[in-house]
Every structure is written in C-alpha cells, then in structure tokens.
Amino acid sequence: MTTSLAALSAATLTAALTAAPTALVFLAVVAVPVLAVAVDALASLRARGRVYAFAGTRVNSDFEVLVPIWGSIRYLENADHLAAHGNRVVLCTPAGESDDFYTDLYALAREHGFRVFVASFTAPRTGGRRATSGTVRDRLIRDALNLVRARYVVPLDADTTTARPLEVLVGELERQGADLASVRLVPLNSDTLLARLQHYEYRLAMQFRFLASWLVSGACHVARTEVLTDVMSRHSLFFQGNDVEVGLIARALGYRVAHIPFEVPTTVPGSLRGWLRQRLAWAGGEFRLFVVNARFVTRHPWFWVYGGVVTIALAPFRWLALDDAAAGVALVSSLTVALVLYVVLVAYLHWDHRGPALFLVPFYMMFVSLVMPLLGVLWYVRMAWQDRNLGVIRPHLVRVEPRAAEPEAGRVGQYV
C-alpha cells in the first residue's frame with residue numbers, strides 16, 4: 001500500500017511538472033536570465049559613475065594587520081609584501097602546531113619585525129591541504145582582536161597582497177567616516193581559458209559591491225577595531241560565507257558599511273579541479289546565506305530575491321525548461337532569443353575588456369546556474385555536519401564576550 005501511494009505521488013508530481021504552465025516555463029527560460037543580466041547591468045551602470053581618486057587622499061598608519069596562518073609556513077606568501085609594516089603585522093596561529101612550524105614562523109617574524117599571536121585552541125589536521133570549511137580562521141581573528149590596540153584593523157589572508165599601501169585603504173575608511181568596508185578583488189592570472197572567464201565574473205561581482213557594500217571579502221577588508229571586535233563576537237564561525245556574514249552582522253547592528261574600490265590582486269583557480277572544489281564550497285555557502293538565513297530578506301530584499309529565488313529556488317525550473325525546450329519549437333526559439341540577448345548584454349557590459357573568451361561567458365554562467373545551486377545544498381549539509389555548525393546568523397547574540405586573552409605558559413595567548 002505504501003509503495004502504491006509513493007508511486008502514485010511520484011506519478012502525480014511528474015505529471016504536474018510535465019504540465020507546467022507555459023508562463024512558468026517562460027519565466028524559467030526567458031525571464032530568469034533576463035533578470036540576472038538586468039541586475040548585473042544595473043550594478044555595472046551604477047559603478048561607471050563612481051570615480052575614486054586615491055592619489056592625494058589622506059593616509060592613516062594607526063592600524064594593525066591580522067594574518068591567519070596555520071598548517072604550513074609555505075602558505076604565508078605575502079611576508080615580503082608586508083615587511084614595510086613591521087610590528088603592525090600580527091601573524092595569528094593556533095596552538096598545537098609542530099615545533100618546526102613555530103621555529104620557522106618565529107624566524108620569519110624576527111626577520112621582518114612582525115609579531116606573533118598564538119591562540120589557546122588547536123586546529124584540526126587536514127593532511128596538508130587547505131580546508132574549505134572549519135572555524136580556525138575566524139576564531140583566530142576573533143581572539144586576536146581582543147589584543148589589538150590600534151584604532152583600525154585589516155584582516156588579510158596569508159596569500160594576499162594589495163596594489164596600494166594599506167595606509168591608503170585605512171585613510172579612505174577614515175575619510176568616509178565608515179566603520180567597515182569591502183574592497184575590490186582583481187584576478188591576477190589569465191593563463192587558462194577558465195581563469196579568463198573568471199575575470200569577467202569577478203568584474204561584475206566587484207561592481208555589485210557598489211549596490212551591496214556589505215558583501216565583504218575575507219581575503220581583505222578594513223574596519224574600526226572596536227566594530228570588528230563586536231561583530232566577530234557574534235559570528236557563527238561557519239567558514240563559507242563567513243566574510244559576507246561580517247557585513248550582514250555589521251549592518252544589522254547599525255554600523256556604517258562602505259565599499260572602497262581598493263584593488264586587491266588574487267589568484268583564481270586555473271584548473272577545472274581547483275575551480276570545482278572552490279565553487280562547490282561557495283555554492284554551499286550561498287545556500288547557507290540565502291536559504292538557512294532567509295530571514296535577512298527583510299533587510300536586503302532585492303539581493304535575497306536574486307540569490308535565494310532566482311539563483312537557487314528557480315534552478316529546478318531551469319532544468320525543466322531545458323527539458324521542455326527540447327520538445328517544443330516555440331520554447332527552443334524562446335531559449336535562443338534569451339541566449340542571444342544574454343550575449344548582447346554581456347558584450348555591452350564587458351566591451352572595454354573584450355576578448356575571445358567574452359562570448360563564452362553566457363555558456364559558462366549557464367553551466368554555473370544549472371549545476372552549482374543544486375550541488376550547493378549537498379555541500380552545505382556536508383560542511384554543517386562536518387563542523388557541527390548550521391551557520392545560523394544571529395547578529396544580536398553575543399557568543400563570546402570580548403576580553404583580553406589570559407597569558408598562559410609559553411607562547412599561548414600572547415603577542416610576541
């Protein structure tokens with residue numbers, strides 16, 4: 001009986017999907033890509049009117065740079081770049097690392113005049129690979145912030161450099177009177193077709209920051225120390241989407257979040273394997289932000305409609321539309337029109353940076369929008385189970401009271 005009911009239910013659902021109204025299929029085939037392009041176009045057009053003249057802007061040296069590093073000293077790729085900042089740079093690392101790791105870390109710190117902060121917790125072993133989940137990075141930043149005495153702070157990944165001096169970034173934050181600011185990530189490598197496609201993708205994503213400045217990047221951002229300390233004390237510590245969570249919490253607490261187009265070069269995955277690993281993790285983070293924390297739709301409705309509804313909720317209908325389009329000439333024509341329109345708009349948005357890869361962008365984005373939202377659900381469940389953390393954002397819940405770390409025996413809990 002149960003089997004019969006299950007079969008009947010499945011047949012009913014299949015029939016309902018097969019008989020989807022033309023309007024719904026039209027929405028999936030035509031309206032969704034047009035809406036996506038319209039949002040990107042709005043960000044691009046608005047960004048074109050934004051001109052920043054960093055030359056001559058005020059500079060500010062009252063800051064510290066927090067650089068999380070653990071697992072292997074080889075991940076610290078920006079030591080030479082940060083050497084000019086000397087003891088304003090704090091290398092943040094967990095307890096329980098190997099003696100060789102600490103020996104190399106302290107030797108490098110002495111060479112460049114850096115300081116070292118060793119937290120009181122240990123990091124899980126990852127077999128030498130960088131983890132795409134976990135709480136280590138955010139716990140390091142959160143704990144180290146309790147000992148920062150400078151007015152401003154710049155969290156910076158161990159493999160990240162900047163195109164301009166950090167004094168300019170901090171000075172611009174001060175000039176704007178903001179509490180926290182996102183920056184502009186610029187892909188460095190273009191040696192593969194996949195990397196060149198990501199150049200166009202990143203350009204649109206960074207332009208979107210002018211509309212949603214709270215889309216903070218974990219690789220680099222700048223804040224008033226007391227503000228970021230407050231924000232991180234409320235952070236869920238879920239890794240994927242952790243940077244955007246910083247911006248969301250700051251906005252929810254009433255802090256002023258700005259966008260500064262301060263260029264931060266970054267290396268994008270050039271291989272399919274590296275790209276897939278990164279994008280699956282990102283997709284899981286997007287599901288966490290847009291679905292698990294869907295209540296933020298009241299604060300940022302357009303962004304949540306775009307990410308939660310257009311990108312994730314309508315993903316199954318895009319597959320349905322492709323299936324129906326194969327059987328109907330009218331729908332094939334609609335799909336063709338939508339694709340041509342997408343090509344034209346993408347070409348318009350990126351014409352100043354045109355190249356042979358530009359006309360593959362619509363197909364690249366089509367693949368991303370069809371595959372990643374569905375796999376993102378599975379990756380979120382995987383990460384949440386692995387870290388025993390659902391990633392629920394509670395801006396008004398103080399999880400850790402800000403306090404100075406207690407000095408312990410040896411290195412733990414201290415700046416050196």
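Residues numbered from 1 in each chain as written. Predicted model: local features only at pLDDT ≥ 70, side-chain atom pairs only at ≥ 80, totals over all residues. Heavy atoms only, no water.

**Re the pairing of strand β7 (residues 257-266)**
The element β7 is extensively covered by neighbouring structure, given that nine of its ten residues are classed as buried. Across seven bridges, strand β5 (residues 180-187) lies against β7 in parallel orientation. Pairing of Leu185 across the sheet is with Val264, part of β7. (Buried < 20%, exposed > 50% of the residue type's maximum accessible area, 1.4 Å probe, protein only. Helix = DSSP H or I, 4+ residues; strand = E, 2+ residues; numbered from the N terminus. Pairing = 2+ DSSP bridges.)

**A look at the packing of helix α10 (residues 272-292) against helix α14 (residues 361-387)**
At their nearest, the axes of α10 and α14 sit 6 Å apart, and the two run at 70° to each other. Viewed along their axes, α10 and α14 adopt a mutual orientation that is roughly perpendicular. Residue-level contacts link Trp275, Leu276, Arg279, Leu280, Ala281, Ala283, Gly284, Gly285, Phe287, Arg288 and Val292 of α10 to Tyr364, Phe367, Val368, Met372, Leu375, Gly376, Val377, Trp379, Tyr380 and Met383 of α14. When the residues that make up the contact of α10 with α14 are grouped by side-chain class, the tally is 16 nonpolar, three polar and two charged. (Axes fitted to C-alpha atoms, helices over the stretch in contact; angles between N-to-C directions. Parallel < 35°, antiparallel > 145°, perpendicular 65-115°, else oblique. Contact = heavy atoms within 4.5 Å. Nonpolar A, V, L, I, M, F, W, Y, C, P; charged D, E, K, R; others polar.)

**Considerations on the nonpolar core**
One finds Leu66, Trp214 and Leu248 to be the most contacted residues of the largest nonpolar core, which totals 45 residues. Mapped onto this core, the elements with two or more residues apiece are β2 (89-95), β3 (115-122), α5 (136-145), α8 (225-232), α9 (242-252), α10, α11 (301-313) and α14. For Leu248, the residues in contact, after removing those within four places along its chain, are Trp214, Leu289, Phe296, His300, Trp304 and Ile393. The next biggest cluster of nonpolar side chains, apart from the first, holds 44 residues, and it includes Val65, Leu76, Tyr102 and Ala219. (Core = buried A, V, L, I, M, F, W, Y, C linked by side-chain atoms within 4.5 Å.)

**Quick look at the packing of aromatic side chains**
All chains considered together, the criterion is met by eight aromatic pairs. Arranged with centres 5.8 Å apart and planes meeting at 55°, the rings of Trp275 and Tyr364 form a pair that is tilted. Here Trp275 is found in helix α10, whereas its partner Tyr364 is found in helix α14, with 89 residues between them in sequence. Here Trp275 and Tyr364 have matching classes, each one buried. In textbook terms, an aromatic cluster arises when at least three aromatic residues are bridged by ring pairs, as seen for Trp214, Phe290, Phe296 and Trp304. Here Arg139 stacks its cationic end above the ring of Phe121, 3.9 Å away from the centre of that ring. Over the aromatic face of Trp385 sits the side chain of Arg388, whose NZ or CZ is 4.3 Å from the ring centroid. (Phe/Tyr/Trp six-rings, centres within 6.5 Å; stacked < 30°, edge-to-face > 60°. Lys NZ or Arg CZ within 6 Å of the ring centre and 35° of its normal.)

**A word on the pattern of salt bridges**
Side chains that differ in sign of charge can pair as their charged atoms come close. Considering all chains together, one arrives at eleven salt bridges under this definition. A salt bridge links Glu167 to Arg88, with the shortest nitrogen-to-oxygen separation between them at 3.1 Å. In this pair, Glu167 is assigned in helix α6 (residues 166-176) and Arg88 in the loop between α3 (79-82) and β2, connecting sequence segments 79 residues apart. Taken individually, Glu167 and Arg88 each receive the classification buried, so the pair is uniform in this respect. Linking Arg175 and Glu172 is a salt bridge whose minimum nitrogen-to-oxygen distance equals 2.7 Å. Of the two residues, Arg175 and Glu172 are both situated in helix α6; the distance of three residues between them amounts to about one turn of the helix. Its relative accessible area of 45% is what places Arg175 among the partly exposed residues. (Salt bridge = Lys/Arg side-chain N within 4 Å of Asp/Glu carboxyl O.)

Distances and angles like these do not, on their own, reveal function.
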